[in-house]
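Analysis of the macromolecular model
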Amino acid sequence: MDYFSYRKNKLYAEGLSVERLADELGTPLYIYSERTLKRHFKVFDSAFKKVPHLVCYSIKANSNIAVVNTFVNEGSGFDIVSGGELYRAMKAGAHPSSIVFSGVGKTAEEMGCAIREGILLFNVESGEELRQLDAVAGRLGKKASFAIRVNPDVDPKTHPYISTGLKKNKFGIAREEAIKEYVYAKNNLTNLIPLGIDTHIGSQLTQVGPFVDALKKTKRLVRTLRKEGIDIKYLDVGGGLGITYEGEKPPAPDKYAKAVIRETAGLDVTLIFEPGRVLVGNAGILVTRVLYTKKTPQKNFIIVDAGMNDLLRPGLYGSYHAIEPVQRGRGGAVITADVVGPICETGDFIARDREMEEAVGGDLLAVKSAGAYGYTMSSNYNSRLRAAEVMVRGREYFVIKKRESYADLVRGEVIPPVKTAVKSKKRG
Ligand code: LLP
């Protein structure tokens, strides 16, 4: 449930007309609804109220510090995957003791920053990383807590690019090896504290089954580790709960929670969750203006001012995003069209063969479910300026990221000085 709705056929973000926002702030424009963000957090968090738990919003889904701050105020912790995300979390007012650090390639420098900040734990993904973490903590004269991300070899039944819990994926450590690493760390890596166990099997999951399968395996592992004298206090279930883009019926948070709670009953752990998409996906839209339309013998094209640099998901994964007119009900004919951006690539599309109301130059379209992995995956490709982001709160709005300027575009770029010619000595 979100707070984007039509009033008299005009699309509103909470109490503000999307057309007005687009006219005042330009397009392409990312619009987020603060009320939706808060609601999504509350629904997710309260689904687990009966058990000890910590929701760590996965910053990669939407890392604007205003969005992160909204979740700080709701009492969220955070899942980070880089020094940059740690920086954002701290800027947004996050409490370090509720931060978990995931990812296969943390650098020693990133580890050092996170240890100094005093984060809750590192989700470690290889034996080498574990030794590196111990060394960094030792150099700082501190202890670092860790969980090993175990690869449960479970098929999450989602897009292959965002499946992470299969043996062939680069993520996590297999069960037997993970046990050895915990024992090795206990006996040899004196700067580390084994605090938890972690598993994240993929993103945009639309069934509870794969989560349950992964939990069954992790649960057994927790018991084995405890027998080895390794006290597992946290079980990090990861993120991955899906949303509806096109008729998918992912489990609602309470259904997901029931299954997780049932599966972990009696285990005596604090559960950690790393939701991203389910909190922010449907709390954001991308508004774009139609530039031109064009008919070819094969296709109708609607050329808009948002490209794959603004929203990469359709081009990269073939993802579906609903597209709605900002002003509807004008009685235009329904056509089948490709909605494409200005970028010089055939993969630059927002929708293909989409049945939609005919649009003309100047019309505004709302690309739905763009709050997750929208702006965060945007780029300057084709030297296009990154869009603005705005947060709506009731009838107020706040520009939370200014549209980039041409000066932003070349910031940090330097032209080397012209090479001065070396004069050759005259002979004789
Ligand atoms: N935790 C870890 C360790 C992750 O790798 C991810 C996402 C999450 C949590 C959050 O997952 P979520 O709840 O959002 O599914 N760019 C892709 C999604 C990539 C997901 C990467 N990892 C997309 O646009 O669909």
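Residues numbered from 1 in each chain as written. Predicted model: local features only at pLDDT ≥ 70, side-chain atom pairs only at ≥ 80, totals over all residues. Heavy atoms only, no water.

1. Some thoughts on the sheet that holds strand β6 (residues 77-80)
Inclusion rule: In this analysis, strands are considered paired if DSSP registers two or more bridges between them. In DSSP terms, a helix is any run of H or I states spanning at least four residues, a strand is any run of E spanning at least two, and both are numbered starting from the N terminus. An axis is simply a line fitted to the C-alpha atoms; with a helix, the fit covers only the stretch in contact. Between two such axes, the angle follows the N-to-C directions and lies from 0 to 180 degrees. Any two residues whose heavy atoms approach within 4.5 Å are treated as being in contact.
In space, the eight strands of this closed barrel follow the order β5-β6-β7-β8-β9-β10-β11-β12, with parallel pairing throughout. Each strand of the sheet is rotated relative to its neighbour by a mean of 30 degrees, with strand direction disregarded. Direction of pairing for strand β5 (residues 53-58) relative to strand β12 (residues 270-273): parallel, over a ladder of three bridges. Among the inter-strand pairings, His-53 is bridged to a residue of β12, identified as Leu-271. Sheet contacts for helix α5 (residues 108-117): β7 (99-101), β8 (121-124) and β9 (144-149); angle to β8, the most-contacted strand, approximately 150 degrees. Against the sheet, helix α7 (residues 175-188) makes contact with β9 and β10 (192-198), and its axis sits at roughly 165 degrees relative to β9, the strand it touches most.

2. Digging into the pattern of salt bridges
The criterion, for reference: Whenever a carboxyl oxygen of Asp or Glu lies within 4 Å of a side-chain nitrogen of Lys or Arg, that contact is scored as a salt bridge. Relative accessibility under 20% of the residue-type maximum defines a buried residue, over 50% an exposed one, and the middle range a partly exposed one, all with a 1.4 Å probe and only protein chains included.
Applying the stated criterion across every chain yields a total of 20 salt bridges. Among the salt bridges present, the one from Asp-79 reaches Lys-60, with a minimum N-O distance of 3.5 Å. Of this pair, Asp-79 sits in strand β6 while Lys-60 is found in the loop between β5 and α3 (65-73), placing the two residues 19 residues apart along the sequence. Take Lys-60: its relative accessible area is 30%, and that puts it in the partly exposed class. A salt bridge links Arg-149 to Glu-125, with the shortest nitrogen-to-oxygen separation between them at 2.9 Å. Taken together, the residues span a long stretch of sequence, with Arg-149 in strand β9 and Glu-125 in the loop between β8 and α6 (127-140) at a distance of 24 residues.

3. Here we look at the domain arrangement of the protein chain
Short version of the rule: For the purposes of this description, domain bounds are those given by an automatic or database domain assignment. Two parts placed together each lose some accessible area; with a 1.4 Å probe, that loss summed over both constitutes the buried area. Under the scheme applied, nonpolar residues are Ala, Val, Leu, Ile, Met, Phe, Trp, Tyr, Cys and Pro; charged residues are Asp, Glu, Lys and Arg; polar residues are all the others, including Gly.
Per the domain assignment, the segments of the protein chain are domain 1 (4-31 + 281-410) and domain 2 (34-280). A C-alpha centroid distance of 32 Å is found between domain 1 and domain 2. Facing the 22 residues of domain 1 at the interface are 24 residues of domain 2. Regarding the contact of domain 1 and domain 2, the summed buried area is about 2000 Å², with carbon and sulfur atoms giving 54% of it. For the pair domain 1 and domain 2, the number of links is one salt bridge. Put simply, Glu-34 and Arg-393 hold a salt bridge, and the shortest N to O gap is 2.8 Å. Tallying contributions element by element places strand β19 (residues 388-393) first for the side of domain 1 that touches domain 2, with four residues. Here the residues of the side of domain 1 that touches domain 2 sort into 10 nonpolar, seven polar and five charged.

4. Remarks on the sheet that holds strand β3 (residues 16-17)
Taken in spatial order, the three strands of this open sheet run β1-β2-β3, and their pairing is antiparallel. Looking along the sheet, the strands with just one partner apiece sit at the ends: β1 (4-7) and β3. Sheet topology places strand β2 (residues 10-13) next to β3; two bridges connect them, and they run antiparallel. Residue pairing across strands places Tyr-12 opposite Ser-17, the latter belonging to β3.

5. Things to note about α6
Because each turn of an α-helix spans 3.6 residues, side chains separated by three or four positions end up pointing in the same direction. Filter applied, for reference: Working rule for helices: expected span equals 1.5 Å times residues minus one.
Across its 14 residues, α6 extends 20 Å between first and last C-alpha, which sits within 8% of the 20 Å expected from 1.5 Å per residue. The set of residues buried in α6 consists of Gly-127, Glu-129, Leu-130, Leu-133, Asp-134, Val-136 and Ala-137. The inward-facing, buried residues of α6 abut α5, β8, β9, α7 and β10. Just past α6, the residue Gly-141 takes up positive phi, approximately 65 degrees.

6. So, the nonpolar core
Worth spelling out the cut-off: We call a set of buried residues a nonpolar core when its members are Ala, Val, Leu, Ile, Met, Phe, Trp, Tyr or Cys and they connect through side-chain atoms within 4.5 Å of each other.
Core analysis: the biggest nonpolar cluster contains 94 residues, and Phe-122 and Ile-302 have the highest contact counts within it. Here the element with the most residues in this core is helix α8 (residues 209-227); it accounts for six residues. Split by domain, this core shows at least three residues from each of two domains, domain 1 (4-31 + 281-410) and domain 2 (34-280). When sequence neighbours within four positions are dropped, the list of residues in contact with Phe-122 reads Phe-101, Lys-106, Met-111, Ala-114, Ile-115, Leu-133, Ala-144, Ser-145, Phe-146 and Ala-147. Listed in part, the 18 residues of the second largest apolar core include Ala-13, Leu-21, Ala-22 and Val-326.

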